[in-house]
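# Per-entry structural report
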Amino acid sequence: MRKFRLYYDKEKEEAWLNEMCRQGWAMTKFFLGVFQFMPCEPGKYTYQVDMPGLPGTFGMHSGIKKEYIDFVEATGAEYVCSWGFWLIFRKETEQGDFKLYTDKESRIKLYRRIRFLFLAFALLELGLCIFNSYNVWDASGGFLASGSWSFWLDGGFLLAIVPVAACLAACSLFFMAARLTRKIRHLKQEKFFP
């Protein structure tokens, strides 16, 4: 079975994967928002989504990624798949609780890595929004220029969709970065005022 879902929130993605498993569907693959599932015993696995990284770097070198996967698998977990910066692991529920980040400091570091990724892509999308807006404006001869209506009526409005989509993507990524900042603040408060 295949299902299409886009998640910006790793906790929501984990909750959904674990709920699917409780219904008897084990996730086996992921690519571009498409999750592939195989039938399994209901509740057989617990899933965790991770974005490991190294201080001062954007991602992981393939050798270090393999070392990290081996390290997690040594705990009894199973590496399911990766996509981009994300790794997905699962562990049989009967082996006990499965959490990759159990202390507040490691969760804060994880959220900072994810926030950095969202901010980097948000800035990229914002740049594309500005660049494409300028190109559409320039191609139309300026919205109010004489003859510009023919540009828009001949399909130029389709070009305007690109910068609008880039702006919406940038806004959603900035919003997620703000949510992660709130989570980080909350964890810091819990750390100092339990």
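Coordinates for the structure precede this section.
This report concerns the structure included in the present document. These numbers were taken from a predicted model, which means no experiment stands behind them. Residue positions are given per chain, counting from 1 as you read along its sequence in written order. Only residues with pLDDT of 70 or above have their local features reported here, since the model is predicted, and side-chain atom pairs are shown and tallied only from 80 upward, although totals for entire chains, interfaces and linings are computed over all residues. Hydrogen atoms and water are omitted, and side-chain values are computed over all heavy atoms in the structure.

Adjacent strands of a sheet pair through backbone hydrogen bonds, lying either parallel or antiparallel. We treat two strands as partners when DSSP finds at least two bridges between them. Runs of E in the DSSP output that reach at least two residues are strands. Runs of H or I that reach at least four are helices, and both are numbered from the N terminus. With antiparallel pairing, the three strands of this open sheet are ordered in space as β4-β6-β5. Each edge of the open sheet is held by one strand with a lone partner, namely β4 (45-50) and β5 (78-83). Recorded for the sheet is a direction-independent mean angle of 20° between the axes of neighbouring strands. Direction of pairing for β4 relative to strand β6 (residues 86-92): antiparallel, over a ladder of six bridges. When the bridges of β6 are listed, Asp50 appears paired with Leu87. The sheet strands contacting helix α1 (residues 10-22) are β4 and β6, and the helix crosses β4 at an angle near 160°. Lines are fitted to the C-alpha atoms to define the axes, a helix being fitted only along its stretch in contact, and any angle between axes, read from their N-to-C directions, falls within 0 to 180 degrees. When checking whether two residues touch, look at their non-hydrogen atoms; a contact exists if any pair is within 4.5 Å.

Bringing a positive patch on the surface into the picture now. Residues Lys109, Arg112, Arg182, Arg185 and Lys188 make up a contiguous surface patch of positive charge. Elements with a contribution of two residues or more to the positive patch: α3 (104-139) and α4 (148-192). Residue contributions to the positive patch peak at three residues, all from α4. For Lys188, the location among the structural elements is in helix α4. To count toward a patch, a residue needs a relative accessible area above 30% and no salt bridge. Like charges then connect within 9 Å, nonpolar side chains (Val, Leu, Ile, Met, Phe, Trp, Tyr) within 5 Å. Computed with the Shrake-Rupley method and a 1.4 Å probe, the accessible areas treat only the protein chains shown as cover for residues. Throughout this description, the term salt bridge denotes a Lys or Arg side-chain nitrogen within 4 Å of a carboxyl oxygen of Asp or Glu. Counted as positive: Lys and Arg. Counted as negative: Asp and Glu. His and the chain ends are not counted at all. A charged residue contributes its charge at one atom only: NZ of Lys, CZ of Arg, CG of Asp or CD of Glu.

So, about the sheet that holds strand β2 (residues 25-31). Within the open sheet, the three strands sit side by side as β1-β3-β2. Their pairing is antiparallel. Looking at which strands have only one partner, the edges of the open sheet turn out to be β1 (2-4) and β2. Adjacent strand axes in the sheet meet at a mean angle of 30° when their direction is disregarded. The strands touched by α1 within the sheet are β1, β2 and β3 (34-39), with β3 carrying the most contacts at an inclination of about 25°.

Turning our eyes to something else, we now look at the layout of surface pockets. The rule is simple: put a 1 Å grid over the protein atoms alone, call a set of points where a 1.4 Å probe fits but cannot get out a cavity, call an open set with protein on both sides within 12 Å along at least five of seven lines a pocket, and count a residue as lining if it has an atom within 4 Å of a point. Grid points are joined across faces, edges and corners, and a volume is the space filled by probe spheres set on the points. Roughly 590 Å³ of internal volume is contained in the largest pocket. Residue lining of the largest pocket: 23 residues in total, with Tyr7, Tyr8, Trp83, Trp86 and Phe118 positioned closest to the centre. Those elements giving two or more residues to the lining of the largest pocket turn out to be α1, β5, β6 and α3. Residues that form the lining of the largest pocket fall into these classes: 16 nonpolar, three polar and four charged. Residues are grouped as follows: nonpolar covers Ala, Val, Leu, Ile, Met, Phe, Trp, Tyr, Cys and Pro; charged covers Asp, Glu, Lys and Arg; every other residue, Gly included, is treated as polar.

Our next topic: α1. Relative to the 18 Å expected for 13 residues at 1.5 Å per residue, α1 spans 18 Å between its end C-alpha atoms, a close match to the ideal helical length. Type-normalised accessible area, obtained with a 1.4 Å probe on protein chains alone, sets the label of each residue: buried when under 20%, exposed when over 50%, and partly exposed for intermediate values. Along α1, the residues classified as buried are Lys10, Glu13, Glu14, Trp16, Leu17, Asn18, Met20 and Cys21. A distance of 2.9 Å separates the backbone nitrogen of Glu11 from a side-chain oxygen at the start of α1, and that oxygen is part of Asp9. One or two steps after α1, the chain reaches Gly24, where phi turns positive at roughly 95°. To estimate how far a helix should reach, multiply one less than its number of residues by 1.5 Å. In protein, a polar contact requires one atom able to donate a hydrogen and another able to accept it; more generally it is a pair of N or O atoms within 3.5 Å, and residues adjacent in sequence count only if both atoms are side-chain atoms.

Considering the arrangement of structural elements, one finds Leu187 in helix α4. Taking the C-alpha atoms as reference points, Leu187 and Lys104, separated by 83 residues in sequence, lie 6.2 Å from one another.

What follows deals with the side chain of Gln48. Within the element layout of this structure, Gln48 appears in strand β4. Not counting residues within four places of it along the chain, the set of residues in contact with Gln48 comprises Glu14, Leu87, Ile88, Phe89, Phe98, Lys99 and Leu100.

Bringing the pairing of β2 into the picture now. Bridge count for β2 against β3 is six bridges, and the pairing is antiparallel. Considered in β3, the bridge of Phe31 is made with Val34. Linking β2 back to β3 in an antiparallel pair, the connection comprises two residues, with Leu32 at a positive phi of about 50°.

Let us look at the packing of aromatic side chains. Two aromatic rings, drawn from Phe, Tyr or Trp (for Trp, its six-membered ring), form a pair once their centres lie within 6.5 Å of each other, and the interplanar angle then sorts them: stacked below 30 degrees, edge-to-face above 60, tilted otherwise. Using the criterion set out here, one finds 11 aromatic pairs in the structure. Seen from their ring centres, Tyr45 and Tyr47 are 6.3 Å apart, and the 65° between their planes marks the pair as edge-to-face. Here the aromatic cluster, defined as three or more aromatic residues joined through ring pairs, consists of Tyr7, Trp16, Phe30, Phe31, Phe35, Phe37 and Trp83. Charge-over-ring placement is defined geometrically: NZ (Lys) or CZ (Arg) within 6 Å of the ring centre, and within 35 degrees of the ring normal. Positioned above the aromatic ring of Tyr45, the side-chain terminus of Arg90 is 4.0 Å from the ring centre.

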